[in-house]
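# A look at the structure
Residue-level listing of the chains:
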Amino acid sequence: MTAIPARARQRMIVALCCGLAAAIALPAGLVIGMNAVLNERGGVRVVEPTTLRIPATPAALLGARNASGEVTALWALALATDGLGGTIVSVPAKAASLVGAGESPRRLADGDVAGEPAALVDDAEALLGVSFAVAAVVDRDALAAMLEPIGAVEIVLDSDVRRTDPDGALAIVAKAGRRTVDAGVLADVLTARELDQPESARANHQRSVLAAVASGAGNAAARGAADAAGSGVPTTVEGFVARLLGGTVQTWQLSATAVPQGDANPDGLDMYALDPAEVLLVMASVAPSSLVGGADESAPTAQVDSPLNDPLASREAVRRLVELGFAVVLVREVPGPAPSLTRLELADPAVVSRLEDVAARMGDAETASAVERTDGVDVRVVLGESFAAFVAAARS
C-alpha cells in the first residue's frame, strides 16, 4: 500500500548509529496514556568514510474488525532493523483523520467502508506520516490466528471487558484481574465494544493486550513462525506479524484527547485528536525509513539526539523544530551525560541562517560542523542541559 498521492514521494531517511542501543521510554498518563521502550538494535553500514546509514525500518498497519463490522483496534507495526521483533504502536481507531478544506470531519475507522479499508489506510498513512509496506483489517478469528504463536500469556485487566453482540445481547469477554489467556481471548478483548462505549473507556484494555503480546513474543514457537515467514520485507500482514513476534517487541500507545462538539466535530462524534509532535517522535524513532516527505520538500532536515533521559523533552524539541520549519527525520535517545549547551552540528552550511531562530526557541546552544554526517540530515541537534532548563522555565 502506498501513501496518498500528495504524500507519495518517500523521503530518503538515514541515521547516525553508534552501535549502542538507543532507547526511548515514555510514562503512561497523558490522557489515554502511552508507554514504550523503543530500541534501535541494528548494526551500522558505512557508505562513505564520514557518512552512516541505518537499514530499512518497514512499517505495516493491522486493524481488527468485530462481528458488528466496527474497526475496534489499529496497530502500526515497525520491524526492527534485523528483521525480527520491533514495535507495536497502538493508534486510536477513532482518531480524527486529516481533512482538507471543505471536507467533513471523519475518523480513521470511518474509512473502512463495507469491509474495504483502502480509505482508512490512506488516512492512517497521512495522519502518521508514513508509508505502509502492507496493510489489512481482519476479523477476530484472523487476528487470533496471527497472535497464536505467542502461546498462553498473562494479562492484567483493570475492569471487566464486555461486548454488545450484533443481536444486542451483552456478553462478558474477560473478567477483571490477573489471569493467563490464549490468543483467542486477546483477540476478543481487542474487538470487544459495548454499545455507545467511548473509545477512551477501552484504552486500558488495549494497553493490557499490548503488554501481554510483548511478554509472549520471541518464544520458540514465535521464532519458528518468523523463520517460516521468510526473509526480506514481508509482503503480507500475516508475514509481517510473524516476523514482529519472532523477536523482542516494544509497545507504545499514542495519547489522544477527545474532540468536543464544535467546528472540528459538529456532529459530536466519539473522536480523538492526536499530538502531532508525539506522533512524529514515535515514528521518527521506530520507523524512520518509512517516513514520507511533508508538503515543503525544501525544508531543512533535522535529527534529534537526546542524552537527557526525558522523552517529554524530546517531544518538545520535535515540536519546536517543526514550528521553525524543520523536517524532523530521526529521533534517538543516546547515552549521557548531556552537554551543558545544546549542540547544533551542521552538515549543510546553508542552514546556518536558521540557527538564530533555533536558539530563540530552544535556548542557549553552540554550533559546530558535523564530524560524522548523517546522509540526508542537514543538522543534528544534541539536546543539552540548557534545553532542559529552557523548557522548564517556559512551563513555569
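The notes below deal with the structure included here.

Cut-off values and rules
- Residues numbered from 1 in each chain as written.
- Predicted model: local features only at pLDDT ≥ 70, side-chain atom pairs only at ≥ 80, totals over all residues.
- Heavy atoms only, no water.
- Helix = DSSP H or I, 4+ residues; strand = E, 2+ residues; numbered from the N terminus.
- Contact = heavy atoms within 4.5 Å.
- Areas by Shrake-Rupley, 256 points an atom, 1.4 Å probe, with all protein chains shown as cover.
- Pairing = 2+ DSSP bridges.
- Axes fitted to C-alpha atoms, helices over the stretch in contact; angles between N-to-C directions.
- Parallel < 35°, antiparallel > 145°, perpendicular 65-115°, else oblique.
- Left-handed = near helix turned anticlockwise from the far one by under 90°.
- Nonpolar A, V, L, I, M, F, W, Y, C, P; charged D, E, K, R; others polar.
- Salt bridge = Lys/Arg side-chain N within 4 Å of Asp/Glu carboxyl O.
- Buried < 20%, exposed > 50% of the residue type's maximum accessible area, 1.4 Å probe, protein only.

On to the overall build of the protein chain. For the protein chain, the count of helices and strands is 10 helices and 21 strands. Pairs at least 24 apart in sequence give 72% of the contacts found in the protein chain among residues at least 6 apart. Accessible surface, the protein chain: about 16,300 Å² in total, of which carbon and sulfur atoms supply 52%.

Our focus in this paragraph is the sheet that holds strand S8 (residues 134–139). Reading across the sheet, the five strands line up as S8-S5-S6-S7-S13 and stay open at both edges, with mixed pairing between neighbours. Since the sheet does not close on itself, it has two edges, and those belong to S8 and strand S13 (249–253), each with one partner. For this sheet the average axis-to-axis angle between neighbouring strands, irrespective of direction, equals 20°. With seven bridges connecting them, strand S5 (residues 59–65) and strand S6 (residues 71–79) associate as antiparallel partners. Within S6, the residue paired with Gly-63 across the bridge is Leu-74. The sheet contacts of helix H3 (residues 183–191) involve S5 and S6, and relative to S6 the element is tilted by about 120°. Helix H4 (residues 203–216) contacts S6, strand S7 (86–91) and S13 of the sheet and is inclined by roughly 170° relative to S13.

Here we take up the sheet that holds strand S19 (residues 365–369). Ordered in space as S17-S16-S21-S18-S19, the five strands form an open sheet in which the pairing is mixed. Each having just a single partner strand, strand S17 (327–333) and S19 make up the two edges of the open sheet. Ignoring strand direction, the axes of neighbouring strands in this sheet form an average angle of 20°. The pairing of strand S18 (residues 342–346) with S19 spans five bridges and is parallel. Bridge assignment links Glu-345 to a residue of S19, and that residue is Ala-368.

Here H3 crosses H4 at 155°, and the two axes come no closer than 9 Å. With respect to their mutual orientation, H3 and H4 come out roughly antiparallel. Between H3 and H4 lies a crossing of left-handed hand. Contacts from Leu-186, Val-189 and Leu-190 in H3 reach His-205, Gln-206, Val-209, Ala-212 and Val-213 in H4. Residues belonging to the contact of H3 with H4 are distributed by class as follows: six nonpolar, two polar and no charged.

With four bridges joining them, strand S10 (residues 161–164) and strand S11 (residues 170–174) adopt antiparallel strand pairing. Within S11, the residue paired with Thr-164 across the bridge is Leu-170. Hairpin connection from S10 to S11: five residues lie between these consecutive antiparallel strands, with Gly-168 at a positive phi of about 95°.

Under the defined criterion, the tally for this structure stands at 22 salt bridges. Asp-188 is paired through a salt bridge with Arg-140; the nearest N and O atoms lie 2.8 Å apart. Of this pair, Asp-188 sits in helix H3 while Arg-140 is found in helix H2 (residues 140–147), placing the two residues 48 residues apart along the sequence. The buried category is assigned to Asp-188, whose relative accessible area is 18%. Since its relative accessible area comes to 27%, Arg-140 is described here as partly exposed. One salt-bridge network, held together by shared partners, links Asp-275, Arg-315, Glu-316, Arg-319 and Arg-320.

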